[in-house]
Protein chains: 2
Amino acid sequence: MSVSSSALPFEDIRNLVRTMPTADTGAVEAARLRDAQLTKPAGSLGKLEEIAEWLAAWSGPEWPKVKRPLVAIFAANHGVTAKGVSAFPADVTRQMVENFSAGGAAINQICIAHDLGLKVFELALDYPTPDITEMDAFDEAGCAATMAFGMEALAGGTDLVCIGEMGIGNTTVASALLNALYGGTAADWVGPGTGVDDTGLKRKCAAVEAAVARLGGEKDPLEILRRIGGREFAAMAGLVLAARHQRIPVIVDGFVTTAAVAVLQAMDPGALDHCLFAHVSAEPAHERALQAMGKQALFDFGMRLGEGTGAALAAGLVKAAAQVHTGMATFEAAGVSGKSEA
Amino acid sequence: MSVSSSALPFEDIRNLVRTMPTADTGAVEAARLRDAQLTKPAGSLGKLEEIAEWLAAWSGPEWPKVKRPLVAIFAANHGVTAKGVSAFPADVTRQMVENFSAGGAAINQICIAHDLGLKVFELALDYPTPDITEMDAFDEAGCAATMAFGMEALAGGTDLVCIGEMGIGNTTVASALLNALYGGTAADWVGPGTGVDDTGLKRKCAAVEAAVARLGGEKDPLEILRRIGGREFAAMAGLVLAARHQRIPVIVDGFVTTAAVAVLQAMDPGALDHCLFAHVSAEPAHERALQAMGKQALFDFGMRLGEGTGAALAAGLVKAAAQVHTGMATFEAAGVSGKSEA
């Protein structure tokens, strides 16, 4: 799955999208058969049963299991912060990366609580992508190379990956991506992010309008990604595409991660079938994005932090669903009577 | 907190309700102060922050922590099964208790996934409470003694308790309790439980109608509990009342556990302030019960198994919330810049 051998790197990405593996329907059938024998009324575990089937569909012929869950956080900086779009200074991106390394962030604690591995990938923090109200975020080679970097994040091995991000200014980029992909007005896709006030919100709207106007109606999702950015978006899209080829299930976090993977769905409506959407963010446009994509999230806890925090909470539920499916006794083995005949 | 010394045992219970401790507002204030210093935008962890405050309110002066979480399951049998109200034979109650002991049930797996202790309490399974369409479930001494048994379930020590139940026929009892407490018709409170068909549903409705009619408009919640039962309900109500006096936060599971604790809320509207409601069950009347009680559940996964499974999933989230609150670095300690001045 090399992306470096071509003179047209996006063509390699398009090939990977064209050759995506599909769900393992045999494994789903086997999971359903086993589920029907477990010591509980049929269907009584609701979403946990659906999660077990989804794991079976995307993790191969064995029973669904989660032994090496990983949270992968991608951090990047954004030239558009020059337009005053964030409540926090751009330095905070690096400071938070250091906080991740020191174990002091929210995501570190959730990883402790749910026994999840954590890897943080810095994407050239000292060289923000250009201000997208004026210039493209990448050239084609740069965008494809960043996607390839995201793909490599799976190299250490994992059987469930949660994607997360850190990047002051990146809700503005996410809004611009979604506006370009799904239409509507800038205001439809802009929200308070980390907590800008009303004038900050107007600056975000203006920045999104300018960035999208610059595209001149471009409809190719990869071109939209290239011109809007940013690095964490390209890396997460690359990771999710690589995970599909390696049959590794993915948990998507909130607003920014959803915008990143929306690029893949715009290329192929089934491109995210191996992804579970963790939560509905408090960022108002997240619900709109999920609706536009036809996706339903597991829960709504009013969270809006990023860092993969929502996805990591969902990973605790997915681990429980896998444990239930693999660990429960069958009616026969436990000597429990089944449903009475009517 | 002995309930055995009185000739009027319900008077002891009423005294415990009258003397319930209230939320530790100082601890809540301290939790809010700490939360404001943690390396995240204010409010960005939504429900996790609320959970941390709730833990602080009910677990005393130290930072919220969850070190000894416990799932307590109460199992009982019900004479009303003679009326054909369940899809499963009554023998299944004992068979499932054996399955819990052998580690084969869904709740065992969720306890493994989230590192929760599990205790199962059998309540005279060979002597079901009488068929409540014809007779009272308890006399006063028997009901109070069963509540006291539930109180003792905390004796081994815990700092977060999830309540769960197992009892073939007990959704019928729960429906009757809720109908007696909140009015309406039997049909408002009856649902498929473990999966009865339409004729089974009619039998459940008839049984609830008969049981509630027998009460003759009784409004005293303890008398309703005594006359409707059953043992797991009385034990769970007792446990939740004892937990309040010991300042141990409680997670309530689904339809049956909600009906059990509704008895306490009917005695005092603040009696369940130390309780978190885990999930909205697929049993249709659970949502109605939560609305009647003014409670909101954390999530809706379409579950309807009981055994404390929904509460145990929620315990994973509560553990994460406590870890986040106690483990995160402050802006100052991590050297992370705060919000920019506007």
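Procedures and definitions
Residues numbered from 1 in each chain as written. Chains lettered and ligands numbered in written order. Predicted model: local features only at pLDDT ≥ 70, side-chain atom pairs only at ≥ 80, totals over all residues. Heavy atoms only, no water. Buried < 20%, exposed > 50% of the residue type's maximum accessible area, 1.4 Å probe, protein only. Helix = DSSP H or I, 4+ residues; strand = E, 2+ residues; numbered from the N terminus. Pairing = 2+ DSSP bridges. Contact = heavy atoms within 4.5 Å. Salt bridge = Lys/Arg side-chain N within 4 Å of Asp/Glu carboxyl O. Polar contact = N/O pair within 3.5 Å; in protein donor to acceptor, adjacent residues only side chain to side chain. Nonpolar A, V, L, I, M, F, W, Y, C, P; charged D, E, K, R; others polar. Core = buried A, V, L, I, M, F, W, Y, C linked by side-chain atoms within 4.5 Å. Axes fitted to C-alpha atoms, helices over the stretch in contact; angles between N-to-C directions.

Draft legend 1. Molecular detail of the pairing of strand β3 (residues 160–166) of chain A. All names here are of chain A. Burial runs high along β3: 7 of the 7 residues are buried. Across the two faces of β3 the burial is the same, with Leu160, Cys162, Gly164 and Met166 and Val161, Ile163 and Glu165 all buried. Taken together, the 7 bridges between strand β1 (residues 69–75) and β3 define a ladder with parallel strand orientation. Counterpart to Leu70 in the pairing with β3 is Val161. Summarising the sheet, β3 and strand β4 (residues 250–252) pair through 2 bridges and their orientation is parallel. Each bridged residue has a counterpart across the sheet, and for Val161 the counterpart in β4 is Val250.

Draft legend 2. Structural detail: the interface of chain B and chain A. At the interface, 56 residues of chain B touch 56 residues of chain A. Run the count over chain B and chain A and you get 0 salt bridges. At the boundary of chain B with chain A, the tally comes to 18 residue pairs in polar contact (both at pLDDT 80 or more). Broken down by secondary-structure element, the contributors of at least two residues to the side of chain B that touches chain A are α3 (46–59), α4 (91–102), α5 (106–114), α14 (309–327) and α15 (331–334) of chain B. Residues of the side of chain B that touches chain A, tallied by class, amount to 28 nonpolar, 21 polar and 7 charged.

Draft legend 3. A look at the nonpolar core. Membership of the largest hydrophobic core comes to 106 residues, with the highest contact counts inside it found for Ile251, Leu313 and Val318 of chain A together with Ile251, Leu313 and Val318 of chain B. Excluding anything up to four places from it in sequence, Val318 of chain A contacts Ile51, Trp54, Leu55, Val66, Leu160, Ile251 and Leu276 of chain A.

Draft legend 4. Representation of the sheet that holds strand β2 (residues 117–122) of chain A. Residues and elements named next belong to chain A. Strand order in this open sheet of 5 strands is β2-β1-β3-β4-β5, and the pairing throughout is parallel. The strands lining the two open edges of the sheet, one partner per strand, are β2 and β5 (275–277). Along the sheet, successive strands turn relative to each other by an average axial angle of 25°, direction set aside. Pairing of β1 with β2 involves 6 bridges; the strand directions are parallel. By the bridge assignment for β2, Val71 is matched with Leu118.

Bear in mind that shape data such as this cannot, by itself, settle questions of function.
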